[in-house]
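Coordinate analysis (summary)
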Amino acid sequence: MNKTDIEWADMTWNPVVGCKRGCEYCYARRYAKRFGGYDKSDGTITTHCPLPRAELHQPLTITRRNGKTVNSPFPFGFEPTLLRYRLEEPQHIKEPQTIFVGSMTDLFGRWVPTRWILEVLDACAAAPQHRYMTLTKNPARYLELDKVALLPHLDNFWYGSTVPDETAQAMYPKAEGINTFWSMEPLLGPVDITKSAGLPQWIILGAMSGPGSAQQQPEREWVEDIVRAADGYGIPVFMKDSLKPVVGTGNMRRDLPWEVSRK
């Protein structure tokens, strides 16, 4: 687990890493390309997975250019991998944290074995002092797990969906009785949230950042329309710092639903 600069979380935790989705703006894939691999016995570095399924009970190490040997964060490159030795990490942190679970994967992607998901959710339940935030582009997996009573309905679990535009799956029906949020980052087009069959309890808004982002910034009108509609439904809105050039510092919203509910 690591402290994070993500503005709505305290820490990130990645018991599963890697993804098969292929998003062109994926920062995690760039990170894996830069830092992935593990040391072979002959002194070379490889990302080849010799196992039937990419599951590790112990970390593999990699030697950096400076000669330092560390646990590899992406031993098999960006191949989806369960790092089972990380599952107990939340239990070792007693101070309550807001934890982004799976910042380097899509935990609910079609290629992720259900068993992996359940192991991660069980590990979350074993450390109930924390708040857990998951995020996926495949929210239908939430529905599928919920239909067979495998999705925890707990106050400290928040299930998020990526909604960059109106084609996102989260615009369609969602599971009932759970905490939900939309991450509208990067916001790539106007979104009329009133068209959604199921609205979230929280909305995060942000612009694209990183290489090539300058040409794909959201329009201020898109942001204002979403905020106006969200206010009409009483949905808290959190704007990431990437929106300051778009809306202006004085118009930033930083609502956190667990704080709003206390007021």
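Please refer to the structure higher up on the page.
Because the structure is a prediction, the values reported are computed rather than measured.

Let's talk about the pairing of strand β12 (residues 157–162)
Of all six residues making up β12, six are buried, and the element is well covered by its neighbours. Residues Phe157, Tyr159 and Ser161 line one face of β12 and the alternating positions Trp158, Gly160 and Thr162 line the opposite face, and both faces are buried. Bridging between strand β11 (residues 131–136) and β12 involves five bridges; their strand directions are parallel. Its bridge partner lying in β12, Thr136 is registered against Ser161. In the sheet, β12 pairs with strand β13 (residues 179–184) via five bridges, with the strands oriented parallel. Its bridge partner lying in β13, Tyr159 is registered against Thr180.

Quick word on the packing of aromatic side chains
As enumerated under the stated definition, the model contains 17 aromatic pairs in all. On the numbers, 5.2 Å between centres and 65 degrees between planes, the contact of Tyr142 with Tyr159 is edge-to-face. Linking Tyr142 in helix α3 (residues 140–147) with Tyr159 in strand β12, this pair joins segments that are 17 residues apart in sequence. Comparing Tyr142 with Tyr159 shows no difference in burial state: the two are buried. Here the aromatic rings of Trp202 and Trp258 are separated by 5.3 Å at their centres, their planes lie at 70 degrees, and the arrangement is edge-to-face. Here Trp202, found in the loop between β13 and β14 (203–205), pairs with Trp258, found in helix α6 (residues 257–260); they are 56 residues apart in sequence, far enough to count as distant. Each member of the pair, Trp202 together with Trp258, is buried. Through pairs of rings, three or more aromatic residues link up here, namely Trp8, Phe100, Trp158, Phe181, Trp202, Phe238 and Trp258.

The rules behind the values
- Residues numbered from 1 in each chain as written.
- Predicted model: local features only at pLDDT ≥ 70, side-chain atom pairs only at ≥ 80, totals over all residues.
- Heavy atoms only, no water.
- Buried < 20%, exposed > 50% of the residue type's maximum accessible area, 1.4 Å probe, protein only.
- Helix = DSSP H or I, 4+ residues; strand = E, 2+ residues; numbered from the N terminus.
- Pairing = 2+ DSSP bridges.
- Phe/Tyr/Trp six-rings, centres within 6.5 Å; stacked < 30°, edge-to-face > 60°.

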